[in-house]
Amino acid sequence: MKHHITCLLLLLGTLLFISSCSRNDTDSKVLRMGCFPNVTHVQGLVARNMWRHKSCEGKGWFENEVPGYTEEWYTYNAGPTAMEALFGSTVDVAYVGPSPALNAYAVSAGREVRLLAGAVNGGAALLVGPKSGIRTDADFRGRNIATPQLGNTQDVTCRAWLQSLGLSCPLEGGGDCRVSPTPNAMQLQLMAQGDIDACWTVEPWVSRLIKGTGARIYKEDPAVVTTVLVSRVGWLKHHPNAAAQVVQAHRKLTEWIQTHPEEAQQHVVDEMMHLTQSDESERATFAELVKSAWGRMTLTDRVDMAGLEQFVRDGQNTGLLDRVPPLDGMLYVPAATPDANSQTH
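Everything in this summary refers to the structure shown in the same document. (Residues numbered from 1 in each chain as written. Predicted model: local features only at pLDDT ≥ 70, side-chain atom pairs only at ≥ 80, totals over all residues. Heavy atoms only, no water.)

This paragraph deals with the sheet that holds strand β4 (residues 113-122). Spatial strand order, β2-β1-β3-β10-β4-β11: six strands in an open sheet with mixed pairing. Looking at which strands have only one partner, the edges of the open sheet turn out to be β2 (70-75) and β11 (297-299). Adjacent strand axes in the sheet meet at a mean angle of 25° when their direction is disregarded. Here β4 runs beside β11; their pairing, made up of three bridges, is antiparallel. Across the sheet, Asn121 pairs through a bridge with Thr298, a residue of β11. Of the strands in this sheet, β1 (30-35), β2, β3 (93-96), β4 and β11 are in contact with helix α2 (residues 42-53), which crosses β2 at around 125°. Packed onto the sheet, helix α10 (residues 240-259) meets β1, β3, β4, β10 (225-232) and β11 and runs at close to 5° relative to β4. (Pairing = 2+ DSSP bridges. Helix = DSSP H or I, 4+ residues; strand = E, 2+ residues; numbered from the N terminus. Axes fitted to C-alpha atoms, helices over the stretch in contact; angles between N-to-C directions. Contact = heavy atoms within 4.5 Å.)

Rendered as C-alpha cells:
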C-alpha cells in the first residue's frame, strides 16, 4: 500500500510542477472539460456533442451558460487517467467516478480537487459469463473478475464486495480470486472466450456484454454513485464567477436531459459513434445500447455524502485508499452568484 501511495505522491508532485510552468489560470478564458465515452457520463457526452455541433445559438452548452469562455473537451478511458489530467492542469472540470476523485483528494491532502455536483447514480453492474457456471456468491472463489482499471470506481466496489464475502483478492496477486483491471473494449472478447468469468463495469458495456456474450447481471445497485463533477482548486480560485456558472449550467443540463430524453439519447449516440469512430451503419446498434442503458441510470446534481463515505471505507478496506481529509472540505461552495444574464436554452 505504501508503495502505491508513494508513487501517486511522486506523480502528483511532478504534474503540479509541470502545471505551474505551463498554465496561467488567471488569464485563461478556455474552459477545458473532460468525460468518458460511457453512457454513465451522459451530461458530458450531451454537452460535448452540442459543443461539436454548436447547438446552442452557435455555441456549446457551457459556452452559452458561462459568458466570455470557450469550451474544449477531452475524453479519458478511466478515472485515474482523468485525475492525472486534472493534476497536470490539462483539464479544468471533469465528469469522473467517485473513487478516483476521492483518491485524488486524499493523495493531494485535500488541496487540489473539489466536488462540484453529483451527475449519475446507477448504470453499473456485476455480470457473469454464460459459461462461468456462477450461481451463488460462493461460486466466485477461484474466479477471474475484470474491472475497467485499477483503482477506478468499479474496481474498488468489486474488491470491497468480494472482501465482504470473505474472499481475498490482494493487489499483489494470489488470494481466493483474481481481480483483473481490463480496458472496457477488451472485456467483450475475453468474456466471449471464457478468459474472464465475470466483469464489474458500466454502461454501455453492461448492455454490450449482455447482448454480445449472453452474460447476465448478477448484482447491481441503482442508487450507487457512478459519476460526479469535479474541478481543480487552481482553476476555481481564479475563476469564481465562472465556477458558479458551471455548477448552474450542469444543473440546467441535467434538467434538460431529464425532460428531453429522446433528444438527449440522440446526442449520446452521435457522440459515442464519433468518439469510437464507428460507421454510420452501426447507429441502430448504438441507439439500442443507449436505450437499454438509460433505464438503469438516474441523473442528478445532488451530492450523495453517505455514498461517498461508503466509497472511502471501501477504498481503505481494500488497500486502495489511505487517509482521507474530512469530506466536507471536498465540497465546493460557489463564492459568487451566477450572472443573472446567463442564457437559457
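Additional details are given in the paragraphs that follow.
Right, let's talk about helix α12 (residues 283-294) for a bit. Helix length check: α12 (twelve residues) gives 16 Å between terminal C-alpha atoms against 16 Å at 1.5 Å per residue, within 8%. Burial in α12 covers these residues: Phe286, Leu289, Val290, Ala293 and Trp294. Projected down its long axis, α12 carries its buried residues within an arc of 135°, all on one side. In α12, the exposed positions that point more than 90 degrees away from the buried face belong to Ala284 and Lys291. Next to the buried residues of α12 lie α2, α8 (205-213), α10, α11 (261-275) and β11. (Expected span 1.5 Å × (residues − 1). Buried < 20%, exposed > 50% of the residue type's maximum accessible area, 1.4 Å probe, protein only. Arc of directions from axis to C-beta.)

A complete count under the given rule lists 15 salt bridges for this structure. Taking the shortest distance from any N to any O, the salt bridge between Arg159 and Asp155 comes out at 3.0 Å. One end of the pair, Arg159, and the other, Asp155, are both in helix α6 (residues 153-164), four residues apart, so they sit about a helical turn from each other. Across the pair, exposure class does not vary: Arg159 and Asp155 are buried alike. As a salt-bridge pair, Arg283 and Glu280 come within 2.5 Å of each other at their nearest N and O atoms. Judged by relative accessible area, Arg283 falls into the partly exposed class, the value being 28%. The class for Glu280 is exposed, based on a relative accessible area of 51%. By sharing partners, the salt bridges in this structure join Arg48, Arg52, Asp270, Glu271, Glu280 and Arg283 into a single network. (Salt bridge = Lys/Arg side-chain N within 4 Å of Asp/Glu carboxyl O.)

At a minimum axis distance of 10 Å, the contact between helix α5 (residues 98-107) and helix α13 (residues 305-317) shows a crossing angle of 70°. As the angle between them shows, α5 and α13 are arranged roughly perpendicular. The segment α5 lies against α13, with Pro98, Ser99 and Leu102 engaging Leu308, Phe311 and Val312. When the residues that make up the contact of α5 with α13 are grouped by side-chain class, the tally is five nonpolar, one polar and no charged. (Parallel < 35°, antiparallel > 145°, perpendicular 65-115°, else oblique. Nonpolar A, V, L, I, M, F, W, Y, C, P; charged D, E, K, R; others polar.)

To continue, consider empty space enclosed by the protein. One pass over the structure, following the stated rule, counts two cavities of 30 Å³ or more. There is about 130 Å³ of room inside the largest cavity. Lining the largest cavity are 18 residues, and of these Phe36, Asn38, His41, Asn152 and Gln154 lie nearest its centre. When contributions to the lining of the largest cavity are tallied by element, the ones reaching two or more residues are α6 and β10. Partitioning the lining of the largest cavity into residue classes produces six nonpolar, twelve polar and no charged. Surrounding the second largest cavity, Leu115, Gly118, Ala119, Asn121, Val225, Thr227, Val228, Arg302, Val303, Asp304 and Leu308 form its lining. Of all elements in the fold, only β4 and β10 reach the threshold of two or more residues within the lining of the second largest cavity. Considering only residue class, the lining of the second largest cavity consists of six nonpolar, three polar and two charged. (1 Å grid on protein atoms, 1.4 Å probe; cavity = no way out; pocket = protein on both sides within 12 Å on 5 of 7 lines; lining within 4 Å. Points joined across faces, edges and corners; volume = space filled by probe spheres on them.)

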